[in-house]
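# Coordinate inspection notes
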Amino acid sequence: KTTSDSNDVKEVFYKMGKVSQAELLHNDYSMDVSDADAVVLYELKDILLYFNNCYDANYGKAADYLIADNKISRKIKILNSDGLRYANVTLQYDFRDKPINHNTQIYDIEAYSYTMENGKMHKTKLLYKDIEIKQLNDSVAQVKFTIPNVQVGSIIEYSYNEGKESVRP
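My aim in this report is to walk through the structure given alongside it, one point at a time.

Reading the values: the criteria
- Residues numbered from 1 in each chain as written.
- Predicted model: local features only at pLDDT ≥ 70, side-chain atom pairs only at ≥ 80, totals over all residues.
- Heavy atoms only, no water.
- Helix = DSSP H or I, 4+ residues; strand = E, 2+ residues; numbered from the N terminus.
- Contact = heavy atoms within 4.5 Å.
- Phe/Tyr/Trp six-rings, centres within 6.5 Å; stacked < 30°, edge-to-face > 60°.
- Buried < 20%, exposed > 50% of the residue type's maximum accessible area, 1.4 Å probe, protein only.

### Some thoughts on the environment of Tyr 50
You can see Tyr 50 is positioned in strand 3 (residues 38-56). On a C-alpha basis, the gap between Tyr 50 and Leu 66 in space is 6.0 Å, while along the polypeptide they are 16 residues apart. Each residue touching Tyr 50, except ones within four places of it in the same chain, is listed here: Tyr 65, Leu 66 and Ile 67.

### Overview of the packing of aromatic side chains
Overall, the coordinates contain three aromatic pairs when judged by the stated rule. On the basis of an interplanar angle of 75° and a centroid distance of 5.9 Å, the ring pair of Phe 145 and Tyr 158 is categorised as edge-to-face. Taken together, the residues span a long stretch of sequence, with Phe 145 in strand 9 (residues 140-146) and Tyr 158 in strand 10 (residues 155-168) at a distance of 13 residues. A relative accessible area of 8% places Tyr 158 in the buried class. Between the aromatic rings of Tyr 158 and Tyr 160, the centroid separation amounts to 6.5 Å while the plane-to-plane angle is 10°, which identifies the pairing as stacked. Taken together, the ring pairs in this structure connect Phe 145, Tyr 158 and Tyr 160 into an aromatic cluster.

Here it is, written out as structure tokens:
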């Protein structure tokens, strides 16, 4: 939240996919970033918790489920060639079978890059086919993707949902 001189409260919400040309050209930051490879312009984690009680056929009785749905959003400005590594995103998550049943899922991945080419801003979207999901072992899986068309001076942004479920039979 930010406040103005008149003590009015104004909500500030981040909207994915809304990068301005001025923001892309901006290079003067309030802190010294001369040694930085990239600058995180925005990072947010929204958490929705809900409780559910329902019959679980696997246990033959009612079970209490606690579910946490997290939406993670990041916006990063690439300052030099070493910062290009931030376009490569790797997310790991745990999953287990019963009786422990503590599962995580990563879904609704969305990512974009914004670049200036010939004085025009270009927006490139990550395609679903470019997201790699693989099982690393019996309890860990990995999601990997590379945000396309990233170069020095680009802004990248990505978001994903991470749902966690735990069961207490």
